[in-house]
Amino acid sequence: MTEVARAAAADPAGTSSTVPVPLAADGVPHGQPVLDRLVALLDLERIEENIFRGVSPEASPVRVFGGQVAGQALVAAGRTVPAERGVHSLHSYFIRAGDPSVPIVYEVDRIRDGRSFTTRRVVAVQHGKAIFALSASFQLAEEGLDHGDEMPEVPDPDSLPTYGEFVQPYKDKLGPWAKLPRPIEIRHVTTPPWLTGEPGPARSQVWMKADGRVPDENLLHVCLLAYMSDMTLLDSVLARHGVYWGDVIGASLDHAMWFHRPFRADEWVLYDSESPSASGGRGLANGRFFARDGSLIATVVQEGLLRPVRR
């Protein structure tokens, strides 16, 4: 692993930074030093021409966060593609729980290099076994037909409480995830299921952005949006039943994204998610990312494992 990634894994809160680390209202580290640690974790070490290695924060819970492995796999794919070809879609499967205590090896298969499109397949490996598989397609910029869904009417993010302010009264209810350093700022539009405890509409709406400034590298912004896309999507399933993660055993099963228009991950985006179905111990969720100006920038679909906890 690179020295920068090793340092980021050992210090996800950014306490070794020369810049003071801000604390949210609930006492959790956030802001630029924490975001810089996440960006460093996405800077994979190249072992061979098509083999890369990444690490996880040492403060991770028992398994690797799905958004992290998806973002790192997309970095690995992008490192084998000309910079002028941007990601337009990805399809992935979460195969096994990732172990945050050991590095992840990403093996890239160069499926196709065409005149307009490039296709890559990436397998993430730990302990000699695949934990994640991703296929991604890249495209040269083109002109063509152009339309997009309209953004729902929602409050502006500046009118909403910060995530730290929002969760401060409930931080003991949210478990270990709520106490981890926070590189992504979230502001809730809809009331999350862990707060209501009652069945309601199968919908989740949050404003999100990287909590600081991100370098001007298009692939990095796409990878950060992929990271963010795994954070609240299944809340739309849980909201329909008035339950939360303490009531179910959950994990992402598969994840697909389509990127429609340019964006910056360090500017506010609305993540509007709905769940059309849940059955067989699984829940399906559809998500749409909108820029603050109302343009549709990405679409997400995910199915997750959701097994009720038997008490």
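## Quick notes on the packing of helix α3 (residues 66-78) against helix α6 (residues 218-229)
Item 1. At a minimum axis separation of 8 Å, α3 and α6 run at an interaxial angle of 155°. On the basis of the axis angle, α3 is roughly antiparallel to α6. As for how α3 packs across α6, the hand of that crossing is right-handed. On the side of α3, the interface is formed by Gly67, Gln68, Gly71, Leu74, Val75 and Gly78, while α6 contributes Leu219, Val222, Cys223, Ala226 and Tyr227.
Item 2. Classifying every residue of the contact of α3 with α6 gives seven nonpolar, four polar and no charged.

## Brief notes about the sheet that holds strand β8 (residues 203-210)
The strands making up a sheet associate through backbone hydrogen bonding, with each pair oriented either parallel or antiparallel.
Item 1. The antiparallel open sheet is built from 12 strands, whose spatial order is β1-β2-β4-β5-β6-β3-β9-β12-β11-β10-β8-β7. Two strands bound the open sheet, and with one partner strand each, they are β1 (45-48) and β7 (184-188). For this sheet the average axis-to-axis angle between neighbouring strands, irrespective of direction, equals 25°.
Item 2. Bridge count for strand β10 (residues 269-279) against strand β11 (residues 282-291) is nine bridges, and the pairing is antiparallel. Within β11, the position partnered with serine 273 by the bridge is glycine 287.

## Focus on the layout of surface pockets
Item 1. Here the second largest pocket defines a volume of roughly 1100 Å³.
Item 2. In terms of lining residues, the second largest pocket is bounded by 30 residues, among which Gly86, Val87, Gln139, His260 and Pro262 are the most central.
Item 3. Elements with a minimum of two residues in the lining of the second largest pocket: β3 (85-94), β6 (129-140), α6 and β9 (248-259).
Item 4. Across the lining of the second largest pocket, the residue classes tally to 14 nonpolar, eight polar and eight charged.

## So, unusual backbone geometry
Item 1. Here histidine 127, not a glycine, exhibits a phi torsion of approximately 50°, which is positive.
Item 2. Along the chain, histidine 127 turns up in the loop between β5 (117-126) and β6.

## Some details on the pattern of salt bridges
Item 1. Considering all chains together, one arrives at 16 salt bridges under this definition.
Item 2. Arginine 79 is the salt-bridge partner of aspartate 43, the closest N and O atoms lying 3.1 Å from each other. Placement of aspartate 43 in the loop between α2 (32-41) and β1 and of arginine 79 in the loop between α3 and β3 is noted, with a sequence separation of 36 residues between them.
Item 3. For aspartate 43, a relative accessible area of 34% corresponds to the partly exposed category.
Item 4. By relative accessible area, arginine 79 is classed as partly exposed at 31%.
Item 5. Residue aspartate 156 is joined to arginine 292 by a salt bridge in which the shortest nitrogen-to-oxygen separation is 2.7 Å. You can see aspartate 156 sitting in the loop between β6 and α4 (163-167) and its partner arginine 292 sitting in the loop between β11 and β12 (296-308), a full 136 residues away along the chain.
Item 6. Taking relative accessible area as the criterion, aspartate 156 reaches 35% and is therefore assigned partly exposed.

## Describing the nonpolar core
Soluble globular proteins tend to pack their nonpolar side chains together in the buried interior.
Item 1. The biggest cluster of nonpolar side chains holds 68 residues, and the ones touching the most others in it are Val69, Tyr106, Phe132, Met208, Leu225, Phe259 and Phe289.
Item 2. Top element by residues in this core is α6. It accounts for nine residues.
Item 3. With near-sequence residues (within four places) excluded, phenylalanine 132 lies in contact with Val69, Ala70, Ala73, Ser92, Tyr93, Phe94, Ile95, Val122, Val123 and Ala124.
Item 4. Residues Val154, Leu160, Trp207 and Leu270 belong to the second largest nonpolar core, which totals seven residues.

Calculation criteria
Residues numbered from 1 in each chain as written. Predicted model: local features only at pLDDT ≥ 70, side-chain atom pairs only at ≥ 80, totals over all residues. Heavy atoms only, no water. Axes fitted to C-alpha atoms, helices over the stretch in contact; angles between N-to-C directions. Helix = DSSP H or I, 4+ residues; strand = E, 2+ residues; numbered from the N terminus. Parallel < 35°, antiparallel > 145°, perpendicular 65-115°, else oblique. Left-handed = near helix turned anticlockwise from the far one by under 90°. Contact = heavy atoms within 4.5 Å. Nonpolar A, V, L, I, M, F, W, Y, C, P; charged D, E, K, R; others polar. Pairing = 2+ DSSP bridges. 1 Å grid on protein atoms, 1.4 Å probe; cavity = no way out; pocket = protein on both sides within 12 Å on 5 of 7 lines; lining within 4 Å. Points joined across faces, edges and corners; volume = space filled by probe spheres on them. Salt bridge = Lys/Arg side-chain N within 4 Å of Asp/Glu carboxyl O. Buried < 20%, exposed > 50% of the residue type's maximum accessible area, 1.4 Å probe, protein only. Core = buried A, V, L, I, M, F, W, Y, C linked by side-chain atoms within 4.5 Å.

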